[in-house]
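Chain by chain, the residues:
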Amino acid sequence: MCSPTEGQILRRASDDSSNVHAEPFPWPVGVCDAHCHPTDTMSSIAAIGDMQARVLTVMATRAEDQDLVASVAAGHGVQSRDVLASPSSSTTGLGKIVPAFGWHPWFSHQLYDDDATAAADADATHDPSQQAGVQKAKHYSAVLTPAPDAEFLDSLPDPRPISDFISETRQRLAADSTSLVGEIGLDKACRLPLGWNQSKESQRIEGMTPGGREGRMLSPYHVKMPHQVQVLKAQLRLAGELGRPVSVHGVQAHGVLFDSLASLWKGHEKEVISKKQQKLVAAGAEDFSSSEDEDDDKYQSDTKAVAKPYQPKPFPPRICLHSFSGPPQMLSQYLNPAIPAKIFFSFSMVVNLSTPGGESKFADVIRACPDGRLLVESDLHTAGDDMDYYLEQMYRKVCDVKGWALLDGVERIRKNYGEFIFG
């Protein structure tokens, strides 16, 4: 998620006289946006039906947009995996929206951890015996740094228990089999916006969904990382319980994010067979397959085409690191074959190519990303021509770095997207 007040729109499609390419863009192959926020500008939703992109993955982030994402999916939701069929197949009537429900780290302070099963991580900021105002002050003083003053505290909403949000999200996910968990994650750089009573010189951006920055000046307050980790893990566990993929935000917290994910899949790592063992197996000298693998094969053989039921785990089966901003070395850490989750990496113009630092490492990161794990996103807060424009630009840049023909690249990424969403 990138705030529109922080330079998110680099250049509008209608203003870009350089948007002329010798090779036409192959929209009919099926362009997929792995991460976007059109419900931040509800007036743009009507444009979705006329967009050239085939599928948009629409993220929820906070209290104000969970219902909005659900309502947009109800009107435009993807009906089946057939929407990702080959270009020759008709996708008319199959929908465009894959919804995602989650609580973004920018708003993580608004939740308090009341989950008794996670007592070891609990922030212990909620005491039911205390008055609501006292509880609110205690909670925010514990999870924000520096300690907030009284005026800023007054501008904050009463915190809600994370168990309520998890229960609500579980119901939303159960109601839509294509939905995922997102946007969730960690952000060490984020500062909270001032309340409107403290930001009188700021001008509200008209048409933006409430609850975000909306043009306000930023305060000095950050959400402490341990609290962000608690909120993140609760949502990762929910995704693991239901077998849903997740879309994850990570800014200036790459190491903490990896450690948080790894703590959940600890004990579930895959066995990695050495090259020497592989040679022995190939020669017929020894079989290193586990009895569990044999049972899986027998199950598949006995049931022919019947899929094995998903077994709940404490971690998600598939993870997309959206607008991945880490260096190639950090990307390679997620490719350890022992990791039991499949990790994808998505890239956007508005994050990955909006600064000199991002531009300088972009090509190296794209080259380091395995062909089968790469996704493209807009991360835009508005649907329509601008979203199509930024998707096309990123697809072209990725294909150029990878050395892919444009048609081949778009098809590869569509297949990657299908695997991320549907498994």
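Calculation rules
Note that residues are indexed from 1 along each chain, following the sequence as it is written. Local features in a predicted model are, by the rule used here, given only for residues with pLDDT of at least 70; side-chain atom pairs are given and counted only at 80 or more, and totals for whole chains, interfaces and linings are based on all residues. Side-chain numbers here rest on the full set of heavy atoms in the structure, without hydrogens or water. Runs of H or I in DSSP of at least four residues are treated as helices and runs of E of at least two as strands, each being numbered from the N terminus. Only the protein chains shown count as cover for residues, with accessible areas throughout obtained via the Shrake-Rupley method and a probe of 1.4 Å. Here, expected helix span is obtained from the residue count minus one, scaled by 1.5 Å. Whether a residue is buried, partly exposed or exposed follows from its accessible area with a 1.4 Å probe, protein chains only, as a fraction of its type maximum: under 20%, in between, or over 50%, in that order. Pairs of N or O atoms are called polar contacts if they sit within 3.5 Å, as long as, within protein, a hydrogen donor faces a hydrogen acceptor (for residues adjacent in sequence, only side-chain-to-side-chain pairs). We call two residues in contact whenever any of their non-hydrogen atoms come within 4.5 Å of each other. Between the N-to-C directions of two axes lies an angle of 0 to 180 degrees, each axis being a line fitted to C-alpha atoms and, for a helix, fitted only over the stretch in contact. When describing relative orientation, an angle under 35 degrees is termed roughly parallel and one over 145 degrees roughly antiparallel, while 65 to 115 degrees is termed roughly perpendicular and anything else oblique. All amino acids are sorted into three groups, where Ala, Val, Leu, Ile, Met, Phe, Trp, Tyr, Cys and Pro are nonpolar, Asp, Glu, Lys and Arg are charged, and the leftover types, Gly among them, are polar. Classification of ring pairs uses Phe, Tyr and Trp, with its six-membered ring standing for Trp, and accepts pairs whose centres are within 6.5 Å; under 30 degrees between planes counts as stacked, over 60 as edge-to-face, and the remaining range as tilted.

The name recorded for the chain in an unreviewed UniProt entry is Cut9 interacting protein Scn1, from Cercophora scortea.

1. Looking at the overall build of the chain
Scanning the chain from terminus to terminus reveals 13 helices and 12 strands. A total of about 19,000 Å² of accessible surface is found on the chain, and carbon and sulfur atoms cover 51% of it.

2. Considerations on helix H12 (residues 385–402)
For H12, with 18 residues, the first-to-last C-alpha span of 26 Å sits near the 26 Å given by 1.5 Å per residue. Residue glycine 403 follows H12 closely and has a positive phi angle near 75 degrees.

3. Remarks on the side chain of asparagine 416
Its location among the elements puts asparagine 416 in helix H13 (residues 406–422). Here asparagine 416 falls in the buried class, since its relative accessible area comes to 7%. There is a polar contact of 2.8 Å between the side chain of asparagine 416 and the backbone oxygen of aspartate 371. Excluding residues within four positions of it along the chain, asparagine 416 makes contact with Phe344, Asp371, Gly372, Arg373, Leu374 and Leu375.

4. What to know about the packing of helix H1 (residues 66–76) against helix H4 (residues 162–175)
At a minimum axis separation of 12 Å, H1 and H4 run at an interaxial angle of 0 degrees. When the interaxial angle is binned, H1 and H4 end up roughly parallel. In this structure, H1 contributes Gln66, Asp67 and Ala70 to the contact, and H4 contributes Phe165, Glu168 and Arg172. Per-class residue counts for the contact of H1 with H4 are two nonpolar, one polar and three charged.

5. Digging into the packing of aromatic side chains
The tally for this structure, following the rule as stated, stands at 11 aromatic pairs. Pairing phenylalanine 258 with tryptophan 265 gives two aromatic rings, centres 6.1 Å apart and planes at 80 degrees, and the pair type is edge-to-face. Side by side, phenylalanine 258 and tryptophan 265 carry an identical accessibility label, which is buried. Between phenylalanine 347 and phenylalanine 362, the aromatic rings sit 6.4 Å apart at their centres with planes inclined by 85 degrees, giving edge-to-face as the arrangement. Of the two residues, phenylalanine 347 sits in strand S11 (residues 342–347) while phenylalanine 362 sits in helix H11 (residues 356–368), which places them 15 residues apart along the sequence.

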